[in-house]
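The primary structure of each chain is shown beneath.
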Amino acid sequence: MKEGGTEFLLVPGPSGIGKTVLINELHKPLVKEKGYFISGKFMHLNKEIPYAPIIHAFQILLRQILSEGEASTAKWRSRLIEELDTYTAVIVNFIPEIKWLIGSQAEQSDLPPEGIHNRFRQAIRRFIGVFAKGDHPLVLFLDDLQWADSATLDLIHYLLINPNNQHLLIIGAYRDNEIFVGHPFEAMLERLKQEKVQITKIPIHPLTKKHIKEWVSETLSLTKMDTSYVEKLVYHITQGNPFFIVQLFQSFHDEGVIGYHQDTAEWRIDTVALKQISMSDSIIDFILKRMGKLPIHTIKILQLASCFGNQFDLKSLVTISEKSYHEVADNLWHGLEEGLVLPLDASYKWIYPNEDISLLDKHPPTYRFLHDKVQQAFYTSLSKTEREAYHLMIGLQLLNNYTKKEREAYIFDIVNHLNLSRNLLSRQKQLELVEWNWKAGEKAKYRAATDAALHYFHIGYELLSDVKWKEQYYAITYKIMIGLGEAQYLNQQFDLAENTLNETLHYATSIQDKLRIYDLKITLYTHIHQVEKATEAGLEGLQLINWNFKRNPSKYDITKEYLLTKLALKRKERHLLNLPEVANKTVHSMMRTLINTNAPTYHVNQNLATILMLRALRLTLKHGDMDVTALVYNNYALMMSVGLTIMMQATTLQI
């Protein structure tokens, strides 16, 4: 990695086998090389939040950079602005915290769906390249890849096949027993193999009976016969999983089955009590027994915490439970004592009844569950109704606590909780949730997270149900349907996308709304190589404004359009660089549709494509520049350089 290149290291193994512990040992040699080690973890409950672990990892890195002093901060600020160049706005949208370093950026220009996807991936590659240098290589560790969203997997694939001499090591840990044929992660690995990308694997296997026998023999003072029984029992219940073995011995200790004898300085086991334990018990049974011993108020607060995922903070629990910091911290303490919950900082020790609330609000203690299995055990111990009620409380509280600006940053968290509890919302709140799903879908789309975008748009579509296309809900219905059609297209659901766009076109009321749909249909049909349908869609759209083009124009028609364009150019040739921007939105939409129609038309009828291109240039000279005008100039220059002789011959025809 230090010599350059992007490498992919995978550590497969079942849950609790020690993958994360092994990978975290990389910290030590990396620090010696002045490298950065950042990590993120996929959450089962947060699969709809695109790129969440990568965002978290780089948020930590940015905080680390900001803590390195003003000189270091200035160096990174300069390097980020220089290397990101025009992609700064994309990265700010991806990781808002980067504004701490480079400040706010201008909004990014609009692009077709595939253009957004490509721009986003190039921006991320540049961003990572800033940190992945020879003098400070970067290690990105992503845990629990079996729960990765498709957008993150697509980004990993893109980074690996476009290394660009970066000094980057991507490490992925995943539960191989949860990966099956057709799983998104398995599909990504298959693509990488076909593209000859080297993948290094370090599989972690369970402990064997021999290992467990050595563990038991070295730890407990037992006869050979008792050692054999303990070894068999432990292996049968844990299947050699180290995490489960530790949990099992913890349960044995809690129940008095094993204990430390001070007089002999030995660990001893009550073999009678041990042999009463059923061989049919699973490790989950033992974890549930430990949960069952907790006070009821501790169980309740940890059930609430489980709805946040694997990690949570004290402030969130205080806000939702409507209890004091001291009361919630006291409730959590029993979970800490049992080892079911772990603190992530030392501040959890100093929560007193008269503690300064403002300080706790700014820097609340954070915790995580001992393991995903523990979090899932608390979560599944709730009934469906209880889970929905908790998610509703969390979602509404997030809405109330965040400012309008903050809501945009935490849109996925808010919407995911409210979506999980949408059946409990009033009809009015459900219709408000449609708007929130549209915002989440748009944000996911601009992050090139097409699966997540489709998920949010589809829920918005379902929530509209009986009010869809009613006059007072036209605006939100149109937005959801456009988003849904785009997302279906991006997820290769072409027939569904066509149906969605046709329905939207049927109900669209303004010329602008209709032209946008025609633009999407042109993109859709061009992508699936139905260029005749793409051309026809464009020409139909242009007829809305009485621009009627012959389907099979003659050379005479080309000559006429060419001469009119030359005349317009002669009048404006000194002012091309000073043309105003198109201000009229309808004209803007018309010109966009005209330009979009040109590409597929070239494969259908080159005479017609030439006329469309010339008309687009003439209208640019008349109305002004727009974001795709460069393509118009480029096409005209190409035509003049390649087809000048033909055009000159055309001008000599008898008119």
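Relevant structure appears above.
Residues numbered from 1 in each chain as written. Predicted model: local features only at pLDDT ≥ 70, side-chain atom pairs only at ≥ 80, totals over all residues. Heavy atoms only, no water.

Trainee: Can you explain the sheet that holds strand β4 (residues 167-174)? Please cite residues and give values.
Mentor: Taken in spatial order, the five strands line up as β2-β3-β4-β1-β5 in an open sheet, and their pairing is parallel. The open sheet has two edge strands with one neighbour each: β2 (36-41) and β5 (199-201). Neighbour to neighbour, the strand axes of the sheet diverge by 20 degrees on average, direction disregarded. Sheet topology places strand β3 (residues 138-143) next to β4; five bridges connect them, and they run parallel. Bridge assignment links L142 to a residue of β4, and that residue is G172. Across the sheet, helix α3 (residues 52-66) lies against β2 and β3, angled at about 145 degrees from β2, the strand it touches most. (Pairing = 2+ DSSP bridges. Helix = DSSP H or I, 4+ residues; strand = E, 2+ residues; numbered from the N terminus. Axes fitted to C-alpha atoms, helices over the stretch in contact; angles between N-to-C directions. Contact = heavy atoms within 4.5 Å.)

Trainee: Which residues make up the sheet that holds strand β8 (residues 311-313), and what values do they have?
Mentor: Taken together, three strands build an open sheet; the order of strands is β8-β10-β9 and the sheet is antiparallel. Looking at the sheet topology across the chains shown, the edges are occupied by β8 and β9 (341-343). With strand direction ignored, the average angle separating the axes of adjacent strands in the sheet is 30 degrees. One ladder, built from three bridges, connects β9 with strand β10 (residues 366-369); its direction is antiparallel. Its bridge partner being in β10, V341 is matched across the sheet by F369. Each of β8, β9 and β10 is contacted by helix α15 (residues 296-306), which is oriented at about 90 degrees to β10, the strand it contacts most. Contacting β8, β9 and β10, helix α17 (residues 325-337) crosses the sheet at an angle of about 105 degrees to β9.

Trainee: So what about the packing of helix α11 (residues 224-238) against helix α12 (residues 242-254)? Which residues, and what values?
Mentor: Two numbers describe how α11 lies on α12: the axes approach to 9 Å, and their chain directions differ by 120 degrees. Taken as axis vectors, α11 and α12 run oblique relative to one another. The way α11 lies across α12 gives a crossing that is right-handed. On α12, the residues that touch L233, V234, I237 and T238 of α11 are F244, I245, L248, F249 and F252. Each residue belonging to the contact of α11 with α12 can be placed in one class, and the counts come to eight nonpolar, one polar and no charged. (Parallel < 35°, antiparallel > 145°, perpendicular 65-115°, else oblique. Left-handed = near helix turned anticlockwise from the far one by under 90°. Nonpolar A, V, L, I, M, F, W, Y, C, P; charged D, E, K, R; others polar.)

Trainee: With reference to specific residues and values, describe helix α27 (residues 511-527).
Mentor: Here α27 is 17 residues long and its end C-alpha atoms lie 24 Å apart, about the 24 Å a rise of 1.5 Å per residue gives. By the burial criterion, the buried members of α27 are D513, L515, I517, Y518, D519, L520, K521, I522, L524 and Y525. Packed against the buried residues of α27 are α25 (474-490), α26 (494-507), α28 (531-543) and α30 (585-602). Once α27 finishes, H529 follows within two positions and takes phi at roughly 65 degrees, a positive value. (Expected span 1.5 Å × (residues − 1). Buried < 20%, exposed > 50% of the residue type's maximum accessible area, 1.4 Å probe, protein only.)

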